[in-house]
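A structural walkthrough
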Amino acid sequence: AQSVTQLDSHVSVSEGTPVLLRCNYSSSYSPSLFWYVQHPNKGLQLLLKYTSAATLVKGINGFEAEFKKSETSFHLTKPSAHMSDAAEYFCVVTFTSGTYKYIFGTGTRLKVLA
Amino acid sequence: IAGITQAPTSQILAAGRRMTLRCTQDMRHNAMYWYRQDLGLGLRLIHYSNTAGTTGKGEVPDGYSVSRANTDDFPLTLASAVPSQTSVYFCASSEGLGTNTQYFGPGTRLTVL
């Protein structure tokens, strides 16, 4: 069965330090992977998307993610956290065959400390 | 371009009442979706539509119905609301099903008492 796991429900970092949000997926098919961000009381905004092109994907606001097939991972990183990065982040997987549906992780809440 | 709009922004509803959440997109996307978001569970798909005139069930369809009379609108109806339907509801759209990027509306916060 296809699934996605976000390994941390909460992550706290100091402003200016690196961010790492972890995501692993399980699939028998070739995945497409997304990271979305949700600021408080807002909808979801696409950060970046992987669809079998370059394995290192650059997104908005300085975020990037690397697809590692051998590790079935798609971790989200940013070199230097900003206060405005505080939000909830969702890893999402869908597949090029079989179900078309988005499968959401349960989210990681990022807290940025001054 | 507004993208996706949802109405109302929030609503408090008595149990047993009927409620329709509205969703409109102006991107001419073929596919539309309704999700509910509950703490600790992420987003779960309620219903979807591949194109105008067709709909399908997601993973939590019970107690909800949808229609897709045209490309732009995709209303979600709760025929007889129950407290377990208290949630935040998001509408989304994409060019088509599959690996297309989904774009989300701002959400409707619904409380059923």
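Residues numbered from 1 in each chain as written. Chains lettered and ligands numbered in written order. Predicted model: local features only at pLDDT ≥ 70, side-chain atom pairs only at ≥ 80, totals over all residues. Heavy atoms only, no water.

Attention shifts here to the overall build of chain B. Helices and strands together make up the secondary structure of chain B, namely 0 helices and 11 strands. The secondary structure elements of chain B, listed N-terminal to C-terminal, are β-β-β-β-β-β-β-β-β-β-β. Since a compact globule built from 113 residues should have a radius of gyration of about 13 Å, the 13 Å found for chain B is in line with a globular shape. If one aligns the C-alpha atoms of chain B with their principal axes, the spans along those axes are about 35 × 25 × 25 Å. Relative to its 113 residues, chain B shows a buried fraction of 49%. The long-range fraction of contacts in chain B, counting pairs at least 24 apart against all pairs at least 6 apart in sequence, stands at 55%. Accessible surface, chain B: about 5200 Å² in total, of which carbon and sulfur atoms supply 50%. (Helix = DSSP H or I, 4+ residues; strand = E, 2+ residues; numbered from the N terminus. Rg over C-alpha atoms; globule rule 2.2 N^0.38 Å. Buried < 20%, exposed > 50% of the residue type's maximum accessible area, 1.4 Å probe, protein only. Contact = heavy atoms within 4.5 Å. Areas by Shrake-Rupley, 256 points an atom, 1.4 Å probe, with all protein chains shown as cover.)

Our next topic: the state of the cysteines. Taken as a whole and judged by the stated rule, the model has 2 disulfides over all chains. The side chain of C23 of chain A participates in a disulfide bridge whose partner is C91 of chain A; the two sulfur atoms lie 2.0 Å from each other. Of note, the bridge from C23 of chain A to C91 of chain A carries an S-S torsion of about -65° and is left-handed in sense. Pair noted here: C23 of chain A is in strand β4 (residues 23–26) and C91 of chain A is in strand β10 (residues 87–95), with a separation of 68 residues, a long-range link. Covalently, C23 of chain B is tied to C91 of chain B through a disulfide, its sulfur atoms 1.9 Å apart. Of note, the bridge from C23 of chain B to C91 of chain B carries an S-S torsion of about -70° and is left-handed in sense. Taken together, the positions of C23 of chain B in strand β3 (residues 19–25) and C91 of chain B in strand β9 (residues 87–94) put the pair 68 residues apart, joining distant regions of the chain. A residue is classified by how much of its surface remains accessible, and C91 of chain B, at 0% relative accessible area, is buried. (Disulfide = S-S within 2.5 Å.)

Attention now moves to the sheet that holds strand β1 (residues 4–7) of chain B. Residue and element names in this part refer to chain B. Pairing within the open sheet is antiparallel, and its 4 strands lie in the order β1-β3-β8-β7. Of all the strands in the sheet, the pair left with one neighbour each is β1 and β7 (64–66). Strand-to-strand, the axes of this sheet are offset by a mean angle of 20°, without reference to chain direction. Taken together, the 4 bridges between β1 and β3 define a ladder with antiparallel strand orientation. Each residue of the ladder has a partner; that of Q6, found in β3, is C23. (Pairing = 2+ DSSP bridges. Axes fitted to C-alpha atoms, helices over the stretch in contact; angles between N-to-C directions.)

Residue and element names in this part refer to chain A. Considering all chains together, one arrives at 7 salt bridges over all chains under this definition. Note that D85 and K78 form a salt bridge whose closest N and O atoms lie 2.8 Å from each other. D85 gets classed as buried once you look at its relative accessible area, which sits at 4%. Owing to a relative accessible area of 12%, K78 belongs among the buried residues under this scheme. Close ionic contact of E88 with R109 constitutes a salt bridge, the shortest N to O distance being 2.8 Å. With E88 in strand β10 and R109 in strand β12 (residues 108–113), this pair connects stretches of sequence that are 21 residues apart. R109 sits in the partly exposed class, given a relative accessible area of 38%. (Salt bridge = Lys/Arg side-chain N within 4 Å of Asp/Glu carboxyl O.)

Bringing the packing of aromatic side chains into the picture now. Taken as a whole, this structure holds 15 aromatic pairs over all chains when the rule is applied. Pairing F104 of chain A with Y35 of chain B gives two aromatic rings, centres 5.3 Å apart and planes at 75°, and the pair type is edge-to-face. In this pair, F104 of chain A is assigned in strand β11 (residues 103–104) and Y35 of chain B in strand β4 (residues 31–38), connecting two distinct chains. Ring pairing ties together the aromatic residues F34, Y36, F90, Y102 and F104 of chain A together with Y33, Y35 and F104 of chain B, which thus form one cluster. When the ring centre of F74 of chain B is taken as origin, the NZ or CZ atom of R68 of chain B, which lies over that ring, is 6.0 Å away. (Phe/Tyr/Trp six-rings, centres within 6.5 Å; stacked < 30°, edge-to-face > 60°. Lys NZ or Arg CZ within 6 Å of the ring centre and 35° of its normal.)

The subject of this paragraph is the side chain of S87 of chain B. Residue and element names in this part refer to chain B. Of note, S87 is situated in strand β9. Polar side-chain contacts of S87 include one of 2.9 Å to the side chain of D38. Ignoring anything within four residues of it in the chain, the contact list for S87 reads R36, Q37, D38, T108, R109 and L110. (Polar contact = N/O pair within 3.5 Å; in protein donor to acceptor, adjacent residues only side chain to side chain.)

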